[in-house]
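# Topology and contacts: notes
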Amino acid sequence: MIRELIVAFVGLAGGLAVGSGFVAFLTVLGVIPRLTQLTKTMKWIATYEWGVVLGAVVSSWVSLRDPLFSFPPMLASVIGLLSGVFVGMLAAALTEVLNVFPILAKRLGIDEQIVVLLMAMVFGKVAGSLFHWIYFVDR
C-alpha cells in the first residue's frame, strides 16, 4: 500500500513538473502569439490555445495506454508531417530558450552561479532518466 502511494506521488509530481515546464516554455517563448502573428490569424488565438491543451491531454492519455494504430499510408504521412512541423517549431523556439536562464537566475538572486543552475538541471535530468531506465524498463 505504501509503495503504491509513493509511486502515485512520484508520478503526480513528475507530471506536474513536466506539464508546468511545458506550459512555462510555451508561455515564456510566446509560441502561440507569435504563431498567430506570423499566420495573421489573431482571431483564432483561442483555437490555437485549445489545440495545445487538447494535444497535451490526448498525448498524455495515449502515452499511458499502449494503443496500436493502423493508419492508411496517406493519413500516416499527414500525421507525420504535422508532427514534424510541431517538433520543428519547438526546435526553433529552443534557440531563444537561453534567454530564460539569465532571467531565472536573476530572479532567484544567483546571477553569478548560472552554471550551478544549469548543472543542477542536467544532473536532475540524468538522475530522472537513470531512475526510469533502472526501475521501469523491462530487461
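Note that this is a predicted model, so its numbers are computed, not measured. (Residues numbered from 1 in each chain as written. Predicted model: local features only at pLDDT ≥ 70, side-chain atom pairs only at ≥ 80, totals over all residues. Heavy atoms only, no water.)

## Focus: the overall build of the chain
Across its full length, the chain holds six helices and zero strands. Ordered by position in the sequence, the α and β elements of the chain form the string α-α-α-α-α-α. Here the chain has a C-alpha radius of gyration of 19 Å; the compact-globule value for 139 residues is 14 Å, and the former is much larger. Each principal axis of the C-alpha distribution contributes one length, and for the chain these read about 45 × 40 × 25 Å. For the chain, the proportion of its 139 residues judged to be buried stands at 10%. The long-range fraction of contacts in the chain, counting pairs at least 24 apart against all pairs at least 6 apart in sequence, stands at 40%. Total accessible area on the chain stands at roughly 11600 Å², and carbon and sulfur atoms take up 74% of it. Counting 9 positive and 7 negative side-chain charges, the chain places the centres of these two groups 7 Å from one another. (Helix = DSSP H or I, 4+ residues; strand = E, 2+ residues; numbered from the N terminus. Rg over C-alpha atoms; globule rule 2.2 N^0.38 Å. Buried < 20%, exposed > 50% of the residue type's maximum accessible area, 1.4 Å probe, protein only. Contact = heavy atoms within 4.5 Å. Areas by Shrake-Rupley, 256 points an atom, 1.4 Å probe, with all protein chains shown as cover. Lys, Arg positive; Asp, Glu negative; His and termini not counted. Charge placed at Lys NZ, Arg CZ, Asp CG, Glu CD.)

## What to know about the UniProt feature "transmembrane region" (unreviewed entry) in the chain
The UniProt entry lists residues 6-32, 44-62, 74-94 and 114-136 under the feature "transmembrane region" (unreviewed entry), expressed in the numbering used here. Counted over residues 44-62, helix gives 95% and strand 0%. Its end C-alpha atoms are 27 Å apart. The span residues 114-136 is 96% helix and 0% strand, and its two end C-alpha atoms sit 32 Å from each other. (UniProt positions renumbered as here; feature names shortened; annotations may be inferred.)

## Digging into the packing of aromatic side chains
Within the structure shown, the criterion is met by two aromatic pairs. Ring centres of Phe69 and Phe71 lie 5.5 Å apart, and the angle between their planes is 10 degrees; this geometry places the pair in the stacked category. With a relative accessible area of 54%, Phe69 lands in the exposed category. When the ring of Phe131 is compared with that of Tyr135, the centres are 5.0 Å apart and the planes differ by 45 degrees; the resulting orientation is tilted. Within this pair, Phe131 and its partner Tyr135 are both found in helix 6 (residues 114-135), separated by four residues, close to a single helical turn. Overall, Phe131 belongs to the partly exposed group, its relative accessible area being 40%. (Phe/Tyr/Trp six-rings, centres within 6.5 Å; stacked < 30°, edge-to-face > 60°.)

## Some remarks on the packing of helix 2 (residues 31-39) against helix 3 (residues 45-64)
Taken N-terminus to C-terminus, the directions of helix 2 and helix 3 make an angle of 135 degrees; their axes are 10 Å apart at the nearest point. Judged by the angle between their axes, helix 2 and helix 3 are oblique. As helix 2 runs across helix 3, the sense of the crossing is right-handed. In this structure, helix 2 uses Ile32, Pro33, Leu35, Thr36 and Thr39 to contact helix 3, whose residues at the interface are Ile45, Tyr48, Glu49 and Val52. Here the residues of the contact of helix 2 with helix 3 are counted per class, giving six nonpolar, two polar and one charged. (Axes fitted to C-alpha atoms, helices over the stretch in contact; angles between N-to-C directions. Parallel < 35°, antiparallel > 145°, perpendicular 65-115°, else oblique. Left-handed = near helix turned anticlockwise from the far one by under 90°. Nonpolar A, V, L, I, M, F, W, Y, C, P; charged D, E, K, R; others polar.)

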